[in-house]
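# Fold and contact review
Chain residues, written in single-letter form:
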2 protein chains.
Amino acid sequence: MEELIKFNVKTKPSEAGEYPVVIGSGIISKPLIESFAEGRRNFIVTDENVESASLCSEFKAQDDKFIISPAGEISKNIKTVIEIVEAMEAAGFGRDSVITGLGGGTVGDMAGFAAAIFKRGVPVIHIPTSTVAQADSSIGGKTGVDSSISKNAFGAFHHPAAVIIDTHTLKTLPEREYLSGLAESVKHGLIMDSGYFSFIENNTAELIGRGDQALKHLAKENCRIKARVVEEDPCEKNQRRILNYGHTIGHAVETLSNCKLLHGECVSIGIIAAGLIEIELGIGSKQRLERIENLLNKLSLPVRIPDYISKDDILSLIKHDKKAVDGWPRFALIEDIGKAYTKGGQWAHPVNARLVESAVNQLKQQAAR
Amino acid sequence: MEELIKFNVKTKPSEAGEYPVVIGSGIISKPLIESFAEGRRNFIVTDENVESASLCSEFKAQDDKFIISPAGEISKNIKTVIEIVEAMEAAGFGRDSVITGLGGGTVGDMAGFAAAIFKRGVPVIHIPTSTVAQADSSIGGKTGVDSSISKNAFGAFHHPAAVIIDTHTLKTLPEREYLSGLAESVKHGLIMDSGYFSFIENNTAELIGRGDQALKHLAKENCRIKARVVEEDPCEKNQRRILNYGHTIGHAVETLSNCKLLHGECVSIGIIAAGLIEIELGIGSKQRLERIENLLNKLSLPVRIPDYISKDDILSLIKHDKKAVDGWPRFALIEDIGKAYTKGGQWAHPVNARLVESAVNQLKQQAAR
């Protein structure tokens, strides 16, 4: 037998760290951003919608930026990331750069991923400007962009250097887009904090009117809850899966709606689907689901599956869910408002296909009962 | 003054880890690779040269692979990485994949970077098949690929899950390419281990003849030295810079040779340049440099700058070295064979431009004196 030489190379652990989240109204400014840039040269990534909203007059003179066009999911691909990196190179940016992502979730994904891979990694500052991005995607370090074949084929975990949340950026959002993002806030209350769920229930008028105080509280609680989950489980091995609440059937509906429904609207539908499954499993109740549905209704969020989407298409699609194990997804569930359902240390659960089918049926037949 | 809400999000440290290095002769086999794949589906990235060398008959039936064509630096770009990822997607690979890079340094870079960004990261197994890759690039987790504008514009730090070194893969390398890689071994001896330097001096005949025993010892010592440096400084903040020994002027010569000289050949020239600078700084000696030059000569490695490369072009290029600070690079230096020169805790040093110019002049005028 050939003599083999074997030994191990040690890899050093990364150090524990932290990054600041700053929340206010009308706070976006160059000096604030630069206070987190640590002397690095700043490159701004934004999109044409945010650019035309002119969130900060000081940015007018800012030449070092990349404006994603067209705005939205359609540009969230590896091609755009290459364009961002090559624009930085053309402008002479090097390792001592920082990228600031100013925009919604897709801008944050592209800015974050570009920062993760530019010259083996530079810091990123997130300034989320949509309800969804403020509630969800700016915290946690997940980035992902699409290939020509699938969503989020490329990605990395890359924590931001800082997150700046300015509630004024929400004022110019179209009504439907604004409300859609509140579904993620409802989700956060459901999985983690009944007091926060009640806050949303008791402040729907101020939230719908986009009052600064309510929006700041919303941003703070969203970040706090999201941070609590991702601090425990940064790479989505287990607990982080609870953030997927309402997303399994929600994603399928989103895909099948062919861009007619917004992400948050589909999460709203998915939350009702999860509630129906919980009732079937004996960990939910009709009363609880009605309370949730009432809140989603007040926020003008949809709670049933549109007629043009078929049950069979949904069931077929969730078999291909990226989190599927052996061809069937695990479901994040709650056992009470504010309390995730865990069993044997697991935060996502196998659910019999017939139960899922029954929930989808009910969501098709009537407004969730 | 607007009331700001501020708090910090904690990021969890990654755990300390380790990965195995296995060295032998004629050891490449599917079962060995699979023993490190932990049940993941394996996708092989290789290039047309390695493919035609048929290093392992078991691979013939292996359909899940991407063959880089043309082989070499010219394909080491983001476009090829996208092709690799999309080939994996087309073949149904998902998060439970492992990528095996079978080839030289450019294959390792592309396989490693693809693994770093595919679905936010999958493991990579390196099977380096060139002297350079076995000595250098397979250990340490650095990956990088080029944009259309510059080298290594894209990259990530991504440690391998395992490194398999089979000295038989070196047997089919063209003579010049094989010898070129030995420059990195000489460098390792110079910066870290005088005993290893002596081993190379005392075994030039067996090394030139590619004897298995000498090659296995070489691989072991190279990995051990490289591992020692990168374990201390995984992200190249300081100590890792010593690995750049001979590379500052070497890189400039490499670029200006327009692919006429191989990487290791330019490192050989750069090692002599460093030796001349050390003499000028009073930390080297003519005797020491002669000993080093004798060894490089025995290995048929060049020790002077070719006539077609001008001094001015070299000096102009090193101003743009990617590790330059304020327009001038820092130099990794040694104070003795086997002992890096450190000062004030620093492993790379500012050197007066006139000294560098003088060293380049001497390297141009005669065979390094």
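Remember, predicted model here, so these are calculated numbers, not experimental data. (Residues numbered from 1 in each chain as written. Chains lettered and ligands numbered in written order. Predicted model: local features only at pLDDT ≥ 70, side-chain atom pairs only at ≥ 80, totals over all residues. Heavy atoms only, no water.)

## What to know about the relation of the copies chain B and chain A
Both copies of the chain are related through a single rotation about an axis accompanied by a shift along the same axis. Which entries qualify depends on this criterion: Copies are brought into register by a least-squares superposition over C-alpha atoms of residues with pLDDT of at least 70 in both. Residues count as neighbours in contact if any of their non-hydrogen atoms are within 4.5 Å of one another.
Mapping chain B onto chain A is achieved by rotating through 180 degrees and translating by 0.0 Å along the same axis, at an RMSD of 0.0 Å. Expressed as a symmetry operation, the mapping of one chain copy onto the other fits a two-fold axis. Residue Ser14 of chain B, judged by its C-alpha, is the member of chain B lying nearest the rotation axis, at 2.5 Å. Both copies contact each other with a shared surface, as 100% of the interface residues of chain B are interface residues in chain A too.

## Considering the packing of aromatic side chains
Keep this limit in mind: When two rings of Phe, Tyr or Trp (its six-membered ring) have centres within 6.5 Å they constitute a pair, described as stacked for plane angles under 30 degrees, edge-to-face for angles over 60, and tilted for the intermediate range. By the criteria applied, helices consist of DSSP H or I runs no shorter than four residues and strands consist of E runs no shorter than two, each listed in order from the N terminus. Relative accessible area decides the class of each residue, using a 1.4 Å probe on protein chains only: under 20% of the type maximum gives buried, over 50% gives exposed, and in between gives partly exposed. Ring-over charges, as used throughout, are those where CZ of Arg or NZ of Lys falls within 6 Å of the ring centre and within 35 degrees of the ring normal.
Summed over all chains, the structure comprises four aromatic pairs over all chains. Aromatic pair Phe43 of chain B and Phe93 of chain B: ring centres 5.2 Å apart, planes at 80 degrees, arrangement edge-to-face. Of the two residues, Phe43 of chain B is situated in strand 3 (residues 41-47) and Phe93 of chain B in the loop between helix 3 (78-90) and strand 5 (97-103); the sequence distance between them amounts to 50 residues. Pair check on accessibility: Phe43 of chain B and Phe93 of chain B agree, each one buried. Plain terms: the ring middles of Tyr196 of chain B and Phe199 of chain B are 6.4 Å apart, the flat faces sit at 10 degrees to each other, and that makes the pair stacked. On the criterion of helical spacing, the pair formed by Tyr196 of chain B and Phe199 of chain B is a turn pair, its members being three residues apart in helix 7 (residues 194-202). Taken as a pair, Tyr196 of chain B and Phe199 of chain B share a single burial class, namely buried. The lysine or arginine in question, Arg41 of chain A, covers the ring of Phe93 of chain A, its NZ or CZ lying 3.8 Å from the ring centre.

## Some words on empty space enclosed by the protein
All names here are of chain A. What counts, and what does not: Definitions used throughout: a 1 Å grid over protein atoms alone; a cavity as a set of points that fits a 1.4 Å probe which cannot get out; a pocket as an open set with protein on both sides within 12 Å along at least five of seven lines; a lining residue as one with an atom within 4 Å of a point. Grid points are joined across faces, edges and corners, and a volume is the space filled by probe spheres set on the points.
By the definition in use, this model includes six cavities of 30 Å³ or more. Put simply, the largest cavity is a space of about 130 Å³. Taken together, 16 residues form the lining of the largest cavity, with Gly108, Asp109, His126, Ser137 and Ser138 sitting closest to its centre. Within the residue set of the lining of the largest cavity, elements represented by two or more residues are strand 5 (97-103), helix 4 (105-117), strand 6 (124-128), helix 5 (131-137) and strand 7 (142-145).

## Observations concerning the packing of helix 7 of chain B against helix 9 (residues 212-232) of chain B
All names here are of chain B. As a reminder of what qualifies: Inter-axis angles, ranging from 0 to 180 degrees, are taken between N-to-C directions of lines fitted to C-alpha atoms, where helices are fitted over the stretch in contact. When an angle is under 35 degrees it counts as roughly parallel; over 145 it counts as roughly antiparallel; between 65 and 115 it counts as roughly perpendicular; any other value is oblique. Put simply, a crossing is left-handed when the front helix is turned counterclockwise from the back one by less than a right angle, and right-handed when it is turned clockwise. Charged means Asp, Glu, Lys or Arg here, nonpolar means Ala, Val, Leu, Ile, Met, Phe, Trp, Tyr, Cys or Pro, and polar covers whatever is left, Gly included.
Contact geometry of helix 7 with helix 9 gives a least axis separation of 11 Å together with a crossing angle of 155 degrees. On the basis of their axis angle, the class for helix 7 and helix 9 is roughly antiparallel. Between helix 7 and helix 9 lies a crossing of left-handed hand. Here Tyr196, Phe199 and Ile200 of helix 7 come into contact with helix 9, specifically with Ala214, His217, Leu218, Glu221, Asn222 and Ile225. Here the contact of helix 7 with helix 9 is composed, by residue class, of six nonpolar, two polar and one charged.

## Looking at the packing of helix 11 (residues 263-281) of chain B against helix 12 (residues 286-298) of chain B
Residue and element names in this part refer to chain B. Look at helix 11 against helix 12: their axes get within 10 Å of each other, and the N-to-C directions meet at 175 degrees. The angle between helix 11 and helix 12 falls in the class roughly antiparallel. Residues Ser268, Ile271, Ile272, Gly275, Leu276, Glu278 and Ile279 of helix 11 form the contact with helix 12, whose own contacting residues are Lys286, Arg288, Leu289, Ile292, Glu293 and Leu296. Here the contact of helix 11 with helix 12 is built from residues that sort into seven nonpolar, two polar and four charged.

## So, the pattern of salt bridges
All names here are of chain B. Heads up, the condition is: Salt bridges are defined as contacts in which a side-chain nitrogen from Lys or Arg sits within 4 Å of a carboxyl oxygen from Asp or Glu.
The final tally for this structure, using the stated rule, is 35 salt bridges over all chains. One salt bridge in this structure joins Glu221 and Arg224, with 2.4 Å as the shortest N-O distance. Taken together, the positions of Glu221 and Arg224, both in helix 9 and three residues apart, correspond to about one turn of that helix. Classification of Glu221 by relative accessible area gives buried; the value is 9%. For Glu278, the salt bridge identified is with Arg288, shortest N-O distance 2.8 Å. Placement of the pair is Glu278 in helix 11 and Arg288 in helix 12, with a sequence separation of 10 residues. For Glu278, a relative accessible area of 1% translates into the label buried.

## Things to note about the state of the cysteines
One covalent bond between the sulfur atoms of two cysteine residues makes up a disulfide. What counts here: We call a pair of cysteine sulfur atoms a disulfide when they lie within 2.5 Å.
On inspection of all chains with the given rule, the structure shows zero disulfides over all chains. Cys259 of chain A carries a free sulfur, and the closest cysteine sulfur to it, the one in Cys266 of chain A, is 9.9 Å from it.

## Regarding helix 1 (residues 30-37) of chain B
Residues and elements named next belong to chain B. Stated formally: The directions from the helix axis to the C-beta atoms are what the arc is built from. Two N or O atoms count as a polar contact when they lie within 3.5 Å, although within protein this holds only if one can serve as hydrogen donor and the other as acceptor, and sequence-adjacent residues are included solely when both atoms are side-chain atoms.
For helix 1, the set of buried residues is Leu32, Ile33, Phe36 and Ala37. One side of helix 1 carries all its buried residues, which in axial view fall inside an arc of 145 degrees. The distance from a side-chain oxygen at the start of helix 1 to the backbone nitrogen of Leu32 is 3.1 Å, and the residue carrying that oxygen is Ser29. In the stretch just after helix 1, Glu38 is the one whose phi turns positive, near 50 degrees.

## Section: the UniProt feature "domain: 3-dehydroquinate synthase N-terminal" (unreviewed entry) in chain A
What counts here: UniProt positions are given in the numbering used here, feature names are shortened, and annotations may be inferred rather than shown by experiment.
Per the UniProt record, "domain: 3-dehydroquinate synthase N-terminal" (unreviewed entry) is found at residues 68-178 of chain A. Within residues 68-178 of chain A, the helical portion is 33% and the strand portion 23%, while the C-alpha atoms at the span's ends are 21 Å from each other.

## Things to note about the environment of Ile164 of chain A
Residues and elements named next belong to chain A. With respect to the secondary-structure elements, Ile164 resides in strand 9 (residues 162-166). Linking Ile164 and His126, residues 38 residues apart in sequence, is a C-alpha distance of 6.3 Å. The residues contacting Ile164, other than those within four sequence positions of it, are Val22, Ile27, Leu32, Ile33, Phe36, Ile125, His126, Ile127 and Pro128.

## Side note on the environment of Ala91 of chain B
Take Ala91 of chain B: it is sitting in the loop between helix 3 and strand 5. Dropping the residues within four chain positions of it, Ala91 of chain B is found in contact with Arg41 and Asp64 of chain B.

## Re the sheet that holds strand 3 (residues 41-47) of chain A
Selection criterion: Strand pairing is defined by DSSP finding a minimum of two bridges between the two strands.
Spatially, the seven strands line up as an open sheet ordered 4(A)-3(A)-5(A)-6(A)-9(A)-2(A)-1(B), and their pairing is mixed. Of all the strands in the sheet, just strand 4 (65-68) of chain A together with strand 1 (5-11) of chain B have a single pairing partner and so form its edges. Shown here is a sheet whose adjacent strand axes are inclined to one another by a mean of 15 degrees, direction ignored. Pairing of strand 6 of chain A with strand 9 of chain A involves two bridges; the strand directions are parallel. Bridged to Ile125 of chain A within strand 9 of chain A is Ala162 of chain A. Along the sheet, helix 4 of chain A makes contact with strand 3, strand 4, strand 5 and strand 6 of chain A, crossing strand 5 of chain A at roughly 170 degrees. Along the sheet face, helix 9 (residues 212-232) of chain A touches strand 2 (17-24) and strand 9 of chain A together with strand 1 of chain B and points at about 15 degrees away from the line of strand 1 of chain B.

## Section: the side chain of Lys76 of chain A
Residue and element names in this part refer to chain A. In this structure, Lys76 sits in the loop between strand 4 and helix 3 (78-90). Residue class for Lys76 comes out buried when judged on its relative accessible area of 3%. Side-chain polar atoms of Lys76 contact the side chain of Asn152, separated by 2.9 Å. Residues in contact with Lys76, not counting those within four places in the same chain, are Thr106, Asp109, Met110, Gly144, Val145, Asp146 and Asn152.

## A word on the domain arrangement of chain A
Residues and elements named next belong to chain A. Which entries qualify depends on this criterion: Where each domain begins and ends follows an automated or database-derived domain assignment. Buried area adds together the accessible area that both of two parts lose upon being put together, with accessible area traced by a 1.4 Å probe.
In terms of domains, chain A is made up of domain 1 (21-170) and domain 2 (175-365). Taken together, the contact pairs 21 residues of domain 1 with 25 residues of domain 2. Looking at the side of domain 1 facing domain 2, the largest losses of area belong to Thr131, Ala135 and Ile139, adding up to 27% of the total buried there. Where domain 1 packs against domain 2, one counts one salt bridge. Remark: the boundary between domain 1 and domain 2 carries seven residue pairs in polar contact (both at pLDDT 80 or more).

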